[in-house]
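Read off the chains here:
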Amino acid sequence: MISDETRKRFDELVKRYPEKRSALIPILHEVQAEVGYLSPEAIAWVAAYLTLSPADVMSVASFYDMLHLEPVGKHMIYACHNLTCSLLGAERLIRHLEDRLGIRMGETTPDGLISLKRMECLASCGTAPAIQIDGVYYERVTPQKLDELLEKLRNGRLQGSRT
Amino acid sequence: MAYEKILTRYRDLPNYTGTIDEYITQGGYQALPKALREFQPADLIEIVKRSGLRGRGGAGFPCGVKWGFTPKDSPKPKYLVCNCDESEPGTFKDRMLIEEEPHQLIEGLIISSYAIGCRLAFIYCRGEFVSGAQVLERALREAYGRGYLGTNILGSGFDLDVHVHRGAGAYICGEETGLLESLEGKRGQPRMKPPFPAISGLYRSPTVVNNVETLSNIPHIVLRGAEWYAGIGPPKSAGPRLFSVSGHVERPGNYELPMSITLRELIFDHAGGIPNGRRLKAVIPGGSSAPVLTEQHLDVPMDFESLAAAGSMGGSGGVIVMDDTVCMVRVGEIVSRFYHHESCGQCTQCREGTAWLHKVLRRIEHGQGRKEDLDLLLDMCDNMKGKTICVLSDAAAMPIESYLKHFREEFEIHIRERACPFEGKGAF
Amino acid sequence: MAECSVFIDGKAALVPTGTTILQAAGAVGISIPTLCHHPNLPPIGVCRLCIVDVEVGDFHKQVAACHAEVQDGMTVRTATPELERARRFALELQVADHPSECLDGETGEPCELRDLARRYGVTKRRFMEDETRYPLDESSPVVTIDLNRCILCRRCTRACSLVQGQDILWIMGRGDESRVSPALSLPLRDTACVSCGQCLAHCPTGAIRDKRPLRPPVRPEAVVTSVCPYCGCGCQLDLNVSGEQILRVTSNFDGPANRGSLCAKGRFGYHFVDSPDRLTRPRIRRDGRWEEASWDEALDLVATRLREIRDRHGPDALAVLSSAKATNEENYLIQKFARAVLGTNNVDHCARL
């Protein structure tokens, strides 16, 4: 499931830390990017790689908002709904996103292309409202700007990093 | 007298991108050789104590004192961890510092590691800082390339490795022991104290956790002296501070200023005042955990002591400004939703209390509030403070208490009218 | 060992350095309420009921008594009005989604939350939430997992990983969505669970409980400390009995050999005691039929046959196979018997897989 190349990178990553368990979250990020989400097999692979129990690994993964234990879309859109973004129109933006994609926050489009997720403060309040698409910030987002971004995303013209 | 910027001086330079060469051209990496050649580690701790530098993450603890808590001769290795988990709503200065001027942080990190005797340091970035972490990785490679990191740094015999470590989305990892748990590959659940990290932190070894902005100050203190630094701003809140101003202001952004600046000057002179001819209604001066202030507090200086005396706190320096279209019950609903979502779930009062605060505020905002709800909220807030492993519970309670203190009538109207009077009129 | 002198609610106590405040209070007869604490497990201080006021010199704060250690000259107050109010609040929040059936005592199962709620007069008056959010997991042959009664004290997860080393149960999710679960939300039957029941033994509320319920009118009349009959380890256990009938086996945490730990057989395999199939007297097969006999008759027969075989075929025609259910001393005797009495070294034991 995990390529030899990735595994070799993990072997190097583990050496950074006095205790190899420290590499767990960085490894989960990369495995998630490679597999698409943290599937049962992915959890089992990571657990075996770090000699931890699958329940232990899953317990850790389930603590963090960016680690997905259920399948998610190819692209992930995080929309900040915290205070400053809300003051400047986040809820309007979220409704616009939901309408455009025909899904609710927390859901994935039927074609498996895009998932939506509400996020807490992204540290982008000075340029609110903010969203993140595949790890890249988009700030002072308006409904018009959002439409352009979605268009680019569908055409594969939006650079991002899923790790 | 115009304030001379220190941490963000680079922002006035055209086309500055924060590479190592640009940083060096602007006087960067001069403090490091000075620190290594002219000072013993203990001297540096003393200098930082004398400078009056206080932590910029939220608690405002004196940095040099924190360093001094680590044992002098520890059989275990010591660690320095840079807290770059910036997640306090309303705060966006650390992200700017790592993305735009990463070497200032790295130089501060190296000097600080030398001061406390650390040979392996980590920068813990919140998971969402994908590009910020990439910038830091690139900057670290540059620093290794120039001999500022690695073995025998600048011929001093001092060795240091630094790694960037990304979290995965959890506010509580900004709490220093939650951060250490997360860095050890666990759930980010805060630890019981004592022992404090200075005695038993990362891998049960003596550890110092310092915020990005705090460490970014260190090169300047070393280069220009503790007395120069202590002379900036009020005596107990020395040095420059980055204020992240957001919300209903003309020019939101990060403003580097001495802490003698008043809320009024910050909002109206620097951030351009309230747009659309509206009036200021409320301002949160130190991140969403800080109790709210109102127009009557506008002349309060932004130092730790003055803000505490005004009933709030300096916190993380995140200043959220709200105009008179804003419903404070809705603000309470949003803020309590955040703490509800972010409670790690260990302590009863916090796990259940944050959920109930959110639930009660939501029902008031949506016209289902009950007469007894306001007393219930206050009683909950009171019981949620000071009783838990970390202060997330306090952070959830304090703002809600303050909204009720300053805007009780607004809550009462919601309950009496069984509706939000701002519905459809407000911006959110 | 160095000792600390402390004052707890005005009572003086002299305790060894390293003693927790909770232990020191117990030593002078002061009981501090707890839910997440268990003497068998490392403290995690999450229920926040044991918060006490401490003062040493200028240092004055509130700490978790289960975790904080005494210091010489420390003054401890365990039940100030403020602390009692905070306890009532924490209990109120715990009680909010706890099944009424359990709080009313209709389940027949013990519940430490119910006991404390009654002691503090706490009800669902101010906070009331859905009590039945989770379906039961009854897949295990021995335990029922009923998360509706779970108070997230994490005793079970600590027992599973730290005492038993099984790592099956962990906390999944965060905040008020935290729940105890095996990996992947699997039913317990589909995990590597060894049915040791440590989770159940440490659970304060019956969220993890013996699958066979104790329902009125069947209630234990007495708890009798005994020794597990299954092997030679000598694990202590408590038999909960009604008349001659064993209703349940529970952990005895004072047992020096096992400190409350039991295996699946010791904890759940007690039904053989009153099984109608159980042999309680010797039997001898005569002409292909089993007939009851006295002990003297049976032992005489065995002795006679052993002698005949040895005399006719030599001692190595005999072998002795002994059992892990016997003690070490009994196993020693049986091999001694083989070598010295029968004259053979053909000795083996069932516990050498």
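Residues numbered from 1 in each chain as written. Chains lettered and ligands numbered in written order. Predicted model: local features only at pLDDT ≥ 70, side-chain atom pairs only at ≥ 80, totals over all residues. Heavy atoms only, no water.

(A) Just the sheet that holds strand 3 (residues 131-133) of chain A, in detail. Residues and elements named next belong to chain A. One open sheet holds the four strands; their spatial order is 2-1-3-4, and the pairing between them is mixed. In this open sheet, the two strands that pair with only one neighbour each are strand 2 (114-119) and strand 4 (136-138). Looking at each pair of strands side by side, their axes are set apart by 25° on average, direction ignored. As paired strands, strand 3 and strand 4 are joined by three bridges and run antiparallel to one another. Note on strand 4: the bridge partner recorded for Ile 131 is Tyr 138. (Pairing = 2+ DSSP bridges. Helix = DSSP H or I, 4+ residues; strand = E, 2+ residues; numbered from the N terminus. Axes fitted to C-alpha atoms, helices over the stretch in contact; angles between N-to-C directions.)

(B) Summary view of the interface of chain C and chain B. At the interface, 32 residues of chain C touch 32 residues of chain B. Here chain C meets chain B over a buried area of about 2,800 Å², counting both sides, of which 50% is carbon and sulfur. The three residues of chain C that bury the most area against chain B are Arg 48, Phe 89 and Arg 174 of chain C, which together make up 24% of that side's buried surface. Where chain C packs against chain B, one counts six salt bridges. Residue Arg 174 of chain C pairs with Glu 342 of chain B through a salt bridge whose shortest N-O separation is 3.1 Å. Our count for the chain C to chain B interface comes out at 21 residue pairs in polar contact (both at pLDDT 80 or more). Taken together, the elements giving at least two residues each to the side of chain C that touches chain B come down to strand 4 (59-64), helix 2 (81-95) and strand 7 (170-172) of chain C. Ranked by residue count, the leading element in the side of chain C that touches chain B is helix 2 of chain C, at seven residues. Here the residues of the side of chain C that touches chain B are counted per class, giving 17 nonpolar, seven polar and eight charged. (Contact = heavy atoms within 4.5 Å. Buried area = accessible area lost by both parts, 1.4 Å probe. Salt bridge = Lys/Arg side-chain N within 4 Å of Asp/Glu carboxyl O. Polar contact = N/O pair within 3.5 Å; in protein donor to acceptor, adjacent residues only side chain to side chain. Nonpolar A, V, L, I, M, F, W, Y, C, P; charged D, E, K, R; others polar.)

(C) Spatial organisation of the pairing of strand 11 (residues 236-242) of chain C. All names here are of chain C. A large share of strand 11 lies buried, amounting to six of its seven residues. Note: strand 11 against strand 12 (residues 245-251), six bridges, orientation antiparallel. Note on strand 12: the bridge partner recorded for Val 241 is Ile 246. Between the antiparallel neighbours strand 11 and strand 12 lie two residues, among them Gly 243 with a positive phi of about 60°. (Buried < 20%, exposed > 50% of the residue type's maximum accessible area, 1.4 Å probe, protein only.)

(D) Expanded view of the nonpolar core. In terms of nonpolar packing, the biggest core is built from 214 residues, with Ile 27 of chain A, Ile 110 of chain B together with Ile 21 of chain C touching the most fellow members. Here Ile 21 of chain C is in contact with Ile 8, Val 52, Val 54, Val 63, Ala 65, Ala 68, Glu 69, Val 70, Met 74 and Val 76 of chain C, once residues within four sequence places are set aside. By size, the runner-up hydrophobic cluster in this structure holds 23 residues, among which are Val 245, Ile 267, Leu 298 and Val 321 of chain B. (Core = buried A, V, L, I, M, F, W, Y, C linked by side-chain atoms within 4.5 Å.)

(E) Looking closely at the interface of chain A and chain B. In this complex, chain A contributes 41 residues to the contact, which on the side of chain B involves 60 residues. Interface area, chain A with chain B, both sides summed: about 4,000 Å², of which 56% is carbon and sulfur. The three residues of chain A that bury the most area against chain B are Phe 63, Leu 83 and Leu 87 of chain A, which together make up 18% of that side's buried surface. In this assembly, chain A and chain B are joined by four salt bridges. Where chain A meets chain B, there are 22 residue pairs in polar contact (both at pLDDT 80 or more). Among the elements of the structure, helix 2 (24-35), helix 4 (54-61), helix 5 (83-87) and strand 2 of chain A are those that each provide at least two residues to the side of chain A that touches chain B. Taken together, the residues of the side of chain A that touches chain B sort by class into 19 nonpolar, 14 polar and eight charged.

(F) Quick peek at the packing of helix 2 (residues 31-38) of chain B against helix 6 (residues 102-116) of chain B. Residue and element names in this part refer to chain B. Where helix 2 contacts helix 6, the two axes come as close as 9 Å, and the packing angle between them is 10°. The orientation of helix 2 relative to helix 6 falls into the category roughly parallel. Of helix 6, the residues touching helix 2 (which contributes Ala 31, Leu 32, Ala 35 and Leu 36) are Glu 107, Ile 110, Ile 111 and Tyr 114. Partitioning the contact of helix 2 with helix 6 into residue classes produces seven nonpolar, no polar and one charged. (Parallel < 35°, antiparallel > 145°, perpendicular 65-115°, else oblique.)

(G) Spotlight on helix 3 (residues 41-51) of chain B. Residues and elements named next belong to chain B. Every buried residue of helix 3 is listed here: Leu 44, Ile 45, Ile 47, Val 48 and Ser 51. When helix 3 is viewed along its axis, its buried side chains cluster within an angular range of 160° and face the same direction. On its buried side, helix 3 packs onto helix 2, helix 4 (63-68), helix 6, helix 9 (212-224) and helix 10 (226-230). Among the residues trailing helix 3, Gly 52 stands out with phi positive, at a value near 80°. (Arc of directions from axis to C-beta.)

(H) Region of the structure containing the pattern of salt bridges. With the rule as written, the count across this model stands at 61 salt bridges over all chains. Residue Arg 85 of chain C is joined to Asp 379 of chain B by a salt bridge in which the shortest nitrogen-to-oxygen separation is 3.3 Å. Of this pair, Arg 85 of chain C sits in helix 2 while Asp 379 of chain B sits in helix 15 (residues 373-384), on two different chains. Among the residues examined, Asp 379 of chain B registers a relative accessible area of 22% and is labelled partly exposed. Residue Arg 281 of chain C is joined to Glu 292 of chain C by a salt bridge in which the shortest nitrogen-to-oxygen separation is 3.3 Å. With a gap of 11 residues between them, Arg 281 of chain C in the loop between helix 7 (264-268) and strand 13 (283-286) and Glu 292 of chain C in strand 14 (residues 289-292) connect regions that are remote in the sequence. By relative accessible area, which is 47% here, Arg 281 of chain C ends up partly exposed. Each of Asp 379 and Asp 382 of chain B together with Arg 85, Glu 92 and Arg 126 of chain C takes part in a single network of salt bridges with overlapping partners.

(I) Here's a closer look at unusual backbone geometry. In this structure, Pro 194 of chain B follows Lys 193 of chain B across a cis peptide bond, with omega equal to -10°. Inspection of the secondary structure puts Pro 194 of chain B in the loop between helix 8 (176-183) and strand 4 (207-211). Residue Pro 194 of chain B is joined to Pro 195 of chain B through a cis peptide bond whose omega torsion reads 5°. With respect to the helices and strands, Pro 195 of chain B occurs in the loop between helix 8 and strand 4. Here Leu 184 of chain C, not a glycine, exhibits a phi torsion of approximately 60°, which is positive. Along the chain, the position of Leu 184 of chain C falls in the loop between strand 8 (179-181) and helix 6 (198-202). We classify Leu 184 of chain C as partly exposed; its relative accessible area is 34%. A positive phi angle, near 55°, is found at Ser 185 of chain C, a position not held by glycine. Tracing the chain through its elements places Ser 185 of chain C in the loop between strand 8 and helix 6.

(J) Layout of the sheet that holds strand 6 (residues 253-258) of chain B. Residues and elements named next belong to chain B. With mixed pairing, four strands are arranged side by side in an open sheet as 6-5-8-7. Two strands in the sheet have a free side with no partner beyond their single neighbour: strand 6 and strand 7 (280-284). Direction aside, neighbouring strands of the sheet carry axes that sit 30° apart on average. Two strands pair when backbone bridges link them, and strand 5 (residues 240-247) and strand 6 are joined in this way by six bridges, in the antiparallel orientation.

(K) Local environment of the packing of helix 14 (residues 348-365) of chain B against helix 2 of chain C. Where helix 14 of chain B meets helix 2 of chain C, the closest approach of the two axes is 9 Å, and the angle between their N-to-C directions is 65°. When the axes of helix 14 of chain B and helix 2 of chain C are compared, the crossing they make is left-handed. Taken together, the residues of helix 2 of chain C that come into contact with helix 14 of chain B (itself represented by Thr 348, Gln 349, Arg 351, Glu 352, Gly 353 and Trp 356 of chain B) are Ala 86, Phe 89, Ala 90, Leu 93 and Gln 94 of chain C. (Left-handed = near helix turned anticlockwise from the far one by under 90°.)

(L) Up close: the pairing of strand 6 of chain B. Counting buried positions along strand 6 of chain B gives six out of six residues, so the element sits mostly inside the fold. Linking strand 5 of chain B back to strand 6 of chain B in an antiparallel pair, the connection comprises five residues.

(M) Fine view of the packing of aromatic side chains. In total, this model carries 18 aromatic pairs over all chains according to the counting rule given. Between Phe 61 of chain B and Phe 69 of chain B, the ring centres sit 6.0 Å apart and the planes meet at 40°, which makes this aromatic pair tilted. With a centroid separation of 6.3 Å and an interplanar angle of 75°, the aromatic rings of Phe 89 of chain C and Phe 127 of chain C are classed as edge-to-face. Of this pair, Phe 89 of chain C sits in helix 2 while Phe 127 of chain C is found in the loop between helix 4 (112-119) and strand 6 (143-145), placing the two residues 38 residues apart along the sequence. Residue Phe 89 of chain C is classed as buried on the basis of its relative accessible area of 1%. Phe 127 of chain C sits in the buried class, given a relative accessible area of 1%. Members of the aromatic cluster, connected to one another through ring pairs, are Phe 10, Trp 45 and Tyr 49 of chain A. The ring of Phe 272 of chain C carries Lys 325 of chain C above its face, with NZ or CZ at 5.6 Å from the centroid. (Phe/Tyr/Trp six-rings, centres within 6.5 Å; stacked < 30°, edge-to-face > 60°. Lys NZ or Arg CZ within 6 Å of the ring centre and 35° of its normal.)

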